[in-house]
Structures are given as C-alpha cells and as structure tokens.
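Analysis of the macromolecular model
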Amino acid sequence: MNQSERVAQAWAPSHITGFFSIHREQDPLVSGSCGCGIVLEAGCNVIASFGGEFEILVNGTEVDARTTMRVVRMLSDRPVRVECYHQTPIGAGFGASAASALASAFALNELLNLGRSGVELSQIAHIAEVEEMTGLGDVVAASRGGVVIRKRPGAPGVGEIDTIPSCDYKVFYLVLGNLSTREILGDRDTVRAINHAGRVALREILKKPTFSRFMELSRNFARETGLLSDRARDVIEAVESVGGMASMAMLGDVVFAVGGERVRSVLEEFGDVGMTRITHSRVKLGSHP
Ligand SMILES: Nc1ncnc2c1ncn2[C@@H]1O[C@H](COP(=O)(O)OP(=O)(O)O)[C@@H](O)[C@H]1O
Ligand SMILES: CC(C)(COP(=O)(O)O)[C@@H](O)C(=O)O
C-alpha cells in the first residue's frame, strides 16, 4: 500500500456532565472544569487519511469543525482528511466535540507516525476544546472512562480526577433541543450561577461519592442554575415518579436517565428515546461498534 492510501482509525467515548464549575486561566492546560459526569459506550469513530487539502467531514458532511481543525493543525502540516462518525447527537451535551477531537488526535498520530503519547494527544484535544469554547472537562473524563469526578481543573495529566465506582448502567436519553456551549460559557450571569451551584455539588459528591448521589446532585444543579427547561423538568419528574433517576445533560436540552425498562416506557411518552450505557472504555485506536 503506498503512503497516500494509508488510513488510521480511532474511537473516543462521548461524555455527559451532570454538574460542573468553570475554571479559565491564560494557560489552556490548567483551564477546564470541576464536576462529575458519565463516560458513554456511544462515542465518535474517526478515520484519518492523506488528502489534497485539509478536509473535515462530520457524519459525511463537510463542516466548519473548528475544534477538530485545531487538533489537525497542531499535529499535521500536510493536508489530511478527517472523517468523524458520531454515535450520539451533536450540540446536545454529549461531549461530541471532545470525542471527535480526542479520536482525531489519536488517528492522526497513527497516520503520521508522530510517536506522541496518550497524555500528549489528550492534552492537544483538551487545548482545542478550551480554545474553541466547545468544552472544558469532557476530554479529561473521556480519557479515563466510567463515572469521573473532576476535583481540580486542567488537561489530562494536569487536573486531578477520581471516579465513582459504578456498573456500566444502561442510560436512556431524550433530546428536547440543542444548546450552544460556546454561548452559555460566554454569558456572565449564567457562568456565575453555574460556578456557585457547581462548587456546592462538588463538595457534596466528595462527601458521598455514589452514583445515586451524583444523579441527585445533577438534578439539583440543573434546577439551581436555571438551565433546566420546563419540558425537561416535566420529564425528570415523570421518571422519578416510577422510581427512576434523571437529570439534564450539560450543556444540552436533553434528559438522561437510568432505571430500567419502566424508565424507557415513561420517556417514550415524551418522544424518541436513545439508549447507550456507561463505559469504562476510553479513547483507543481502531473502530468501535
Ligand atoms: N468533529 C466535530 N464533530 C462535531 N462537532 C464539532 C466537531 N468539531 C467541532 N465541532 C463543533 O462543536 C460543536 C458541538 O460542541 P458543543 O456545543 O460543545 O456540544 P457537544 O460537544 O455536546 O456536542 C458543533 O456545533 C461544532 O461547531
Ligand atoms: C459541560 C461542558 C462545559 C460542556 O459540555 P458539552 O456541551 O457536552 O461540550 C463540559 O465540557 C464540562 O466541562 O463538563
């Protein structure tokens, strides 16, 4: 196979944040977020190959994927084609931009024989997310897997994280609408509300790091920040009425829920229900079903 025919593949998990606080410094490596979230079996597959020009396709369509383009420019000075195939919705609080940035970094490292380490590549994806304001803590979490507590902000290898011991719970989700992370992170009043509620939630989860406590604190966070839409609140109450647990995926108008088939039935009354599960997998080479 000549070099121009080479391709490299990587996969990274998506991630839903339940609650967070924002920490922005001059240096993107020490910028990020604190909080807690769940890493998902559904993520993003990336195929990298050589091309006549720099090209990024997202689900088959050429788009202005600035976060991923930053990753490309940090790793390659020759034209490459990066194809991102998402297994979760985009712009809906699933950390899709982070998953694609991570998987792109790993695929390009393989394609170009760069010899970078996992932490170095994850830091490049984190920098791209922070500088494009499409995320703060998703890369850190997706680099670890499971239910990840971000105790101190910063890129992989810089921030401090821990985990909540958990099973790979089945996670249902209902997409009610999209939110722009960039817009929300740029709104001063919302950021102030997020930081206050996020600090309280982090303090509480560290006292009792259990999955049910995470879900309870996430729901309270969504209410206290004013980010929870009326419709999402109705959905969460309906899930809780059958003994399930639910909250809002940050930052998307999306409800995520756990609690078995009775929860799926309740959610189906409100619209099309997606399903994935928590995973302890993390970014890796190759594709992932
Ligand atoms: N490869 C990519 N795939 C999807 N979105 C991308 C990609 N690269 C950059 N983006 C940008 O990231 C945005 C989605 O990021 P965000 O609003 O944080 O939501 P989420 O990360 O939860 O999907 C997209 O609207 C797009 O502008
Ligand atoms: C919540 C958010 C700031 C954005 O998440 P998303 O919209 O999925 O990119 C996340 O990056 C985090 O730091 O927890």
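Residues numbered from 1 in each chain as written. Chains lettered and ligands numbered in written order. Predicted model: local features only at pLDDT ≥ 70, side-chain atom pairs only at ≥ 80, totals over all residues. Heavy atoms only, no water.

1. Examining the pairing of strand 2 (residues 32–50)
Most of strand 2 is tucked away: 17 of the 19 residues are buried. In this structure, strand 2 lies alongside strand 6 (residues 147–152), joined through 4 bridges in antiparallel fashion. Bridged to Gly 35 within strand 6 is Arg 150. With 7 bridges connecting them, strand 2 and strand 5 (residues 80–86) associate as antiparallel partners. Across the sheet, residue Val 46 finds its bridge partner in strand 5, namely Cys 84. (Buried < 20%, exposed > 50% of the residue type's maximum accessible area, 1.4 Å probe, protein only. Helix = DSSP H or I, 4+ residues; strand = E, 2+ residues; numbered from the N terminus. Pairing = 2+ DSSP bridges.)

2. A short note on the UniProt feature "domain: GHMP kinase N-terminal" (unreviewed entry) in the protein
On the UniProt side, "domain: GHMP kinase N-terminal" (unreviewed entry) is annotated at positions that read residues 70–146 here. Between the C-alpha atoms that bound residues 70–146 there is a distance of 27 Å. The span itself is 55% helix and 9% strand. (UniProt positions renumbered as here; feature names shortened; annotations may be inferred.)

3. Some words on the environment of Gly 91
With respect to the helices, strands and loops of the structure, Gly 91 is situated in the loop between strand 5 and helix 2 (96–111). Sequence separation of Gly 91 and Leu 251 is 160 residues, and the distance between their C-alpha atoms is 7.9 Å.

4. Observations concerning the site of ligand 2
Near ligand 2 there are 15 residues, and of these Thr 17, Ser 33, Gly 137, Asp 138 and Thr 181 occur at the shortest range. Between ligand 2 and Thr 17, the relevant distance is 2.6 Å, taken from an oxygen atom to a side-chain nitrogen or oxygen of the residue. Within the side chain of Thr 181, one N or O atom sits 2.6 Å away from an oxygen atom of ligand 2. Burial of ligand 2 by the protein amounts to 97% of the accessible area it has alone, namely 370 Å². Each residue belonging to the shell around ligand 2 can be placed in one class, and the counts come to 5 nonpolar, 8 polar and 2 charged. (Near = heavy atom within 4 Å. Polar contact = N/O pair within 3.5 Å; in protein donor to acceptor, adjacent residues only side chain to side chain. Areas by Shrake-Rupley, 256 points an atom, 1.4 Å probe, with all protein chains shown as cover. Nonpolar A, V, L, I, M, F, W, Y, C, P; charged D, E, K, R; others polar.)

5. Quick look at the site of ligand 1
Taken together, 18 residues surround ligand 1, and among them Thr 68, His 86, Gly 91, Ser 97 and Thr 134 come closest. Side-chain polar atom of Thr 68 to a nitrogen atom of ligand 1: 2.8 Å apart, as the coordinates give it. Here a nitrogen atom of ligand 1 sits 2.8 Å away from a polar atom, N or O, in the side chain of His 86. Starting from 560 Å² of accessible surface for ligand 1 in isolation, the protein chains cover 84%. Sorting the residues of the shell around ligand 1 by element identifies helix 1 (66–75), strand 5 and helix 2 as the ones contributing at least two each. Of the residues that constitute the shell around ligand 1, the class distribution is 7 nonpolar, 10 polar and 1 charged.

6. Comments concerning the nonpolar core
The biggest cluster of nonpolar side chains holds 54 residues, and the ones touching the most others in it are Phe 19, Ile 38 and Phe 214. Within the second largest apolar cluster, 34 residues are counted, among which are Ala 10, Val 71, Val 82 and Ala 105. (Core = buried A, V, L, I, M, F, W, Y, C linked by side-chain atoms within 4.5 Å.)

7. Re the pattern of salt bridges
Side chains carrying opposite charge are able to pair once their charged atoms draw close together. Taken as a whole and judged by the stated rule, the model has 18 salt bridges. A salt bridge links Glu 132 to Arg 70; its shortest N-O distance comes to 2.9 Å. Pair noted here: Glu 132 is in helix 3 (residues 118–132) and Arg 70 is in helix 1, with a separation of 62 residues, a long-range link. Put simply, Arg 233 and Asp 234 hold a salt bridge, and the shortest N to O gap is 3.6 Å. Taking the relative accessible area as the measure of exposure, Arg 233 reaches 32% and is therefore partly exposed. According to the relative accessible area criterion, Asp 234 is partly exposed, its value standing at 36%. Among the ionic contacts, a cluster of salt bridges with common partners joins Arg 66, Arg 70, Glu 131, Glu 132 and Arg 182. (Salt bridge = Lys/Arg side-chain N within 4 Å of Asp/Glu carboxyl O.)

8. Comments concerning the pairing of strand 3 (residues 55–58)
Across a regular strand the side chains alternate sides, sitting on one face of the sheet and then on the other. Side-chain alternation along strand 3 places Glu 55 and Leu 57 on one buried face and Ile 56 and Val 58 on a second face that is also buried. In this sheet, strand 5 lies alongside strand 3 in parallel orientation, the contact comprising 4 bridges. When the sheet's bridge partners are listed, Leu 57 is paired in strand 5 with Glu 83. In the sheet, strand 3 pairs with strand 4 (residues 61–62) via 2 bridges, with the strands oriented antiparallel.

9. Comments concerning the packing of aromatic side chains
Inspection of the entire model under this criterion finds 6 aromatic pairs. Note that Arg 73 overlies the ring of Phe 54, its terminal NZ or CZ placed 3.9 Å from the centroid. (Phe/Tyr/Trp six-rings, centres within 6.5 Å; stacked < 30°, edge-to-face > 60°. Lys NZ or Arg CZ within 6 Å of the ring centre and 35° of its normal.)

10. Structural notes on the packing of helix 6 (residues 188–207) against helix 7 (residues 211–224)
One can describe the packing of helix 6 onto helix 7 by two numbers: an axis separation of 10 Å at closest approach and a directional angle of 165°. Our classification of the angle between helix 6 and helix 7 gives roughly antiparallel. The chirality of how helix 6 crosses helix 7 is right-handed. Note on element contacts: helix 7 touches helix 6 through Arg 213, Phe 214, Leu 217, Phe 221 and Glu 224, opposite Ile 194, Ala 197, Gly 198, Ala 201, Glu 204 and Ile 205. Of the residues contributing to the contact of helix 6 with helix 7, the split by class is 7 nonpolar, 1 polar and 3 charged. (Axes fitted to C-alpha atoms, helices over the stretch in contact; angles between N-to-C directions. Parallel < 35°, antiparallel > 145°, perpendicular 65-115°, else oblique. Left-handed = near helix turned anticlockwise from the far one by under 90°. Contact = heavy atoms within 4.5 Å.)

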